[in-house]
Each structure stands twice: as structure tokens, then as C-alpha cells.
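One-letter residues, chain by chain:
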Amino acid sequence: MKKTATTSQKHAKQSLSTTSSKLNVSKNFYASISDRVAETCKLLPDSKDTAKEAMSVIDRYIGGEKVNLKNLNANIQLIFTLLRSEIDRALSRSKAARLRGLQRRRNLQEKEARFIESLKAMCGATAMRREDTEMPEAESLSTPAQTMQPNRRQRRRELREEKRAMRQRIKRIG
């Protein structure tokens, strides 16, 4: 038997696409809150308007605004008060996850920079040894090919070759 989406699920999907990118909680949490609000509001008279108003209050709260409960309908006050602790936990989880992701990206960048520096240092030492043994010709120094900067593809190829050489040196040592 084929299941069709209820109006609350359709509303939740529409809300997700328009507001979840702006909000500070996960899409999954926002969808579950939207579904719960819609299911709860079905039990109340004038359910569509109550659900929309309740979700707008929740959206504002998640967005960082202060919510004045005194100005709200009693049903919306009840819904919001019951969900507030869960929303607060979701906000703190999302904030912690964003901080962990930022820290992880920074650590990766630092590790990559250190690795590249070590590659450059090792390859620079071998390049220095090669330059000591071979004398470049005067004509080759004045060619325009040496004064041009390598393009992105060439730089990446050089970097890959340097990394490969470094890995081979490490294998020989270890």
C-alpha cells in the first residue's frame, strides 16, 4: 500500500527547504520538531494557523531572537514550553559540532602545511646537492621558460612528485 505524505509532512518539507539553511540546528531535528508541532496542532481547533504560528515562534527562537510568551496564544505557549529544552539541547549540539568541524579543518590544514614544509625542506636539500654538482649553462639561465611561473597543473604535479619522493624516502628509512 502506497503511503502519501500528510499535509504536516508537506509543510515540514517546505519549511525545511526555506528555513533550515538559515537555522542553527540540524535538518533532521528541525523536521522532527515540525512533525511533532503539526501532529500536536491537529488536536486543536484552527490547527493550520496554530501550527504556522507555533513554527514561526520556534523558527525565531532557533534563529536567536528572544520569545515573549506573554503575547502568545495559550496553546502556542504550551507547545513552545514543552519543546524549549529539546531545542536548547539541539542548539548546543549543533554549536559544538560546528566548532569540532572548524577545529578538524584547522588541524588538517596545519598538518598539510607541516607536511609540505617538510617535503620542501627535504627536496630542497636534495636540489641543493644537485645544484652543487652541476653547473647550469649561461644560456639556459636567460631563457624565458625559466622566468615564467608554473601554472596550477604544473605546481600540483610537482607537489605530487615531491610527496611521492618523500614517501619513498620514508619507506627506505623505516
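Residues numbered from 1 in each chain as written. Predicted model: local features only at pLDDT ≥ 70, side-chain atom pairs only at ≥ 80, totals over all residues. Heavy atoms only, no water.

*Asks:* How do you make sense of the packing of aromatic side chains when you look at a structure like this?
*Replies:* Between two aromatic rings, the relevant description is the distance of the centres plus the angle of the planes. Considering all chains together, one arrives at one aromatic pair under this definition. Ring geometry for tyrosine 61 and phenylalanine 80: centres 5.1 Å apart, planes at 85°, overall edge-to-face. Residue tyrosine 61 is located in helix α3 (residues 47-62), and its partner phenylalanine 80 is located in helix α4 (residues 74-133); the two are separated by 19 residues in the primary sequence. Across this residue pair, the class does not change: tyrosine 61 and phenylalanine 80 are buried. (Phe/Tyr/Trp six-rings, centres within 6.5 Å; stacked < 30°, edge-to-face > 60°. Helix = DSSP H or I, 4+ residues; strand = E, 2+ residues; numbered from the N terminus. Buried < 20%, exposed > 50% of the residue type's maximum accessible area, 1.4 Å probe, protein only.)

*Asks:* Looking at this structure, I do not really get helix α2 (residues 27-41). What am I missing?
*Replies:* Because the α-helix completes a turn every 3.6 residues, residues three or four places apart line up on one side. Under the 1.5 Å per step criterion, the end-to-end length of α2 is 21 Å for 15 residues, consistent within 8% with the ideal 21 Å. Among all positions in α2, only Phe29, Tyr30, Ala31, Ile33, Ser34, Val37, Ala38 and Cys41 are buried. (Expected span 1.5 Å × (residues − 1).)

*Asks:* Help me out: how do you make sense of the side chain of threonine 50 in this one?
*Replies:* Here threonine 50 shows up in helix α3. Leaving out residues up to four positions away in the same chain, threonine 50 has contacts with Cys41, Leu44, Pro45 and Ile76. (Contact = heavy atoms within 4.5 Å.)

*Asks:* Got a minute to help me understand the pattern of salt bridges in this structure?
*Replies:* Two side chains carrying opposite charge are able to pair once their charged atoms lie near each other. Enumeration according to the criterion identifies three salt bridges in this entry. Residue glutamate 86 is joined to arginine 36 by a salt bridge in which the shortest nitrogen-to-oxygen separation is 2.7 Å. Taken together, the residues span a long stretch of sequence, with glutamate 86 in helix α4 and arginine 36 in helix α2 at a distance of 50 residues. Of the charged contacts in the structure, one is a salt bridge between lysine 42 and glutamate 39, with a shortest N-O distance of 3.3 Å. (Salt bridge = Lys/Arg side-chain N within 4 Å of Asp/Glu carboxyl O.)

*Asks:* Sorry if this is basic, but what is going on with the packing of α2 against α3 here?
*Replies:* A pair of packed helices is characterised by two quantities: the angle between their axes and the separation of those axes. Running from N to C, α2 and α3 point in directions that differ by 150°, and their axes come no closer than 9 Å. Relative to α3, the element α2 lies roughly antiparallel. Considering how the two elements wind past one another, α2 and α3 form a crossing that is right-handed. Residue-level inspection shows Tyr30, Ile33, Ser34, Val37 and Cys41 of α2 in contact with α3, the latter providing Ser47, Thr50, Ala51, Ala54, Met55, Ile58, Asp59 and Ile62. (Axes fitted to C-alpha atoms, helices over the stretch in contact; angles between N-to-C directions. Parallel < 35°, antiparallel > 145°, perpendicular 65-115°, else oblique. Left-handed = near helix turned anticlockwise from the far one by under 90°.)

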